[in-house]
Each structure stands twice: as C-alpha cells, then as structure tokens.
Amino acid sequence: MKTINELSDSTSKHIHVATDDAKLVTAISRLPSVKIQTRETKSVTLTMRGDINPLLALLGRHKVLDVTITETDLETAFMKYYQEEADV
C-alpha cells in the first residue's frame, strides 16, 4: 500500500504550453515521459509523470508565451490508484 506522499509523487502533471515556435510543439511531443492530449500548431496540452526538468530545459531554449502546470488532485490520484489495484 502506498503512503499519501508516494501517492502524491506518482500523480501526473497536466501542462499547457503556448508558443510562437511550432518546432517546440514537435520537440515536446518527442519527450519520453509525455502523453499528448491536444496538439495544435502553436500550443500543446499534455500529461507528464516523473521528472519535469527535461521539459523545463526544453522550454528554456525556445520562445514560450504561456505555461500552465497543474497537478492531479489527491482525490483523483486516490481513486485512480484503487482502480488500478482492483484491475490487478
């Protein structure tokens, strides 16, 4: 059984990036820990688990207009964890 801290650490982050650089959108989609939710020419919405530093380093090398990062709330993480346990 996971502790609350472990459960919180294992949740995914929801990230939206707006940019003038279409190449950045392509580069983000190539990161291994990223799951693209929506992709447009100059923006991308994704979910990501684990270390966010590779994404932040990539963003630092491009022109970014806006970034929004939110974490999954604990209730959603809790429900997902128990759904995964029930599926096993």
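Above this text is the structure in question.
Enquirer: Could you give an account of the sheet that holds strand β3 (residues 43-48), with specific residues and numbers?
Expert: Hydrogen bonds along the backbone pair up the strands of a sheet, which may run parallel or antiparallel. Taking strand neighbours across the sheet as the criterion, the 4 strands line up as β2-β3-β1-β4 in an open arrangement whose pairing is antiparallel. Two strands bound the open sheet, and with one partner strand each, they are β2 (34-39) and β4 (64-71). Each strand axis lies, on average, 20 degrees off the axis of its neighbour in the sheet, ignoring direction. Sheet analysis places β2 next to β3, joined by 5 bridges and oriented antiparallel. Bridge pairing links T38 to T45 in β3. Of the strands in this sheet, β1 (13-19), β2, β3 and β4 touch helix α2 (residues 22-29), which is tilted by about 140 degrees from β2.

Enquirer: Account for a nonpolar patch on the surface, naming residues and giving values.
Expert: A grouping of L56, V67 and I69 is seen on the molecular surface, where their side chains present a nonpolar patch of about 210 Å² in accessible area. Looking at where V67 falls in the secondary structure, it is placed in strand β4. Accessibility expressed as a relative area gives 33% for V67, which makes it partly exposed.

Enquirer: Account for the nonpolar core, with residues named and values stated.
Expert: Within the largest apolar cluster, 15 residues are counted, with the highest numbers of intra-cluster contacts made by I15, V17, I28, L46, M48 and L55. At the level of elements, β1, α2, β3 and α3 (53-60) are the ones that each hand at least two residues to this core. No other element matches the 4 residues that α2 contributes to this core. In contact with I28, other than residues within four places in its own chain, are V17, V34, V44, L46, L55, L58 and L59.

Enquirer: Any chance you could break down the pattern of salt bridges for me, citing the residues and the numbers?
Expert: Counted according to the given criterion, the structure contains 1 salt bridge. Across the pair D20 and K63 runs a salt bridge, and its minimum N-O distance is 3.3 Å. Taken as a pair, D20 in the loop between β1 and α2 and K63 in the loop between α3 and β4 lie far apart in primary sequence, 43 residues in all. Under the relative-accessibility criterion, D20 is labelled partly exposed at 41%.

Enquirer: Explain the side chain of T19 to me, and be specific about the residues and the numbers.
Expert: With respect to the helices and strands, T19 occurs in strand β1. Within the structure, T19 has its side chain in polar contact with the backbone nitrogen of D21 (distance 2.9 Å). With residues near it in sequence (within four places) discarded, T19 still touches L24, V25, K42, K63, V64 and L65.

Enquirer: Explain the side chain of T47 to me, and be specific about the residues and the numbers.
Expert: Relative to the elements of secondary structure, T47 occurs in strand β3. What makes T47 buried here is its relative accessible area of 14%. Here the side chain of T47 touches Q37 through a polar contact of 3.2 Å, side chain to side chain. In this structure T47 touches K13, H14, S33, V34, K35 and Q37, once residues within four positions along its chain are discounted.

Thresholds, definitions, all that
Throughout, residues of each chain are indexed from 1 in the direction in which the sequence is written. Local features in a predicted model are, by the rule used here, given only for residues with pLDDT of at least 70; side-chain atom pairs are given and counted only at 80 or more, and totals for whole chains, interfaces and linings are based on all residues. Side-chain numbers come from the whole structure's heavy atoms, not from hydrogens or water. Paired strands, as defined in this entry, are two strands with at least two bridges between them according to DSSP. Each helix is a run of DSSP H or I of at least 4 residues and each strand a run of E of at least 2, with the numbering of both proceeding from the N terminus. Axes here mean lines fitted to C-alpha atoms, for a helix over just the part in contact, with angles spanning 0 to 180 degrees between N-to-C directions. Only heavy atoms enter the contact rule, under which two residues are in contact if any of them lie within 4.5 Å. Patches in this entry comprise residues that are over 30% relatively accessible and not in a salt bridge; like charges within 9 Å are linked, as are nonpolar side chains (Val, Leu, Ile, Met, Phe, Trp, Tyr) within 5 Å. The Shrake-Rupley method, run with a 1.4 Å probe, gives the accessible areas here. Residue values count only the displayed protein chains as cover. Any carboxyl oxygen of Asp or Glu that lies within 4 Å of a side-chain nitrogen of Lys or Arg is treated as forming a salt bridge with it. Accessibility here uses a 1.4 Å probe with only protein chains present; expressed as a share of the type maximum, an area under 20% marks a residue as buried, one over 50% as exposed, and anything in between as partly exposed. What is meant by a nonpolar core is a set of buried Ala, Val, Leu, Ile, Met, Phe, Trp, Tyr and Cys residues, joined one to another through side-chain atoms within 4.5 Å. Residues adjacent in sequence count toward polar contacts only when both atoms are side-chain atoms; beyond that, a polar contact is any pair of N or O atoms within 3.5 Å, and within protein one must be able to donate a hydrogen and the other to accept it.

These values are about where atoms sit, not about what they do.
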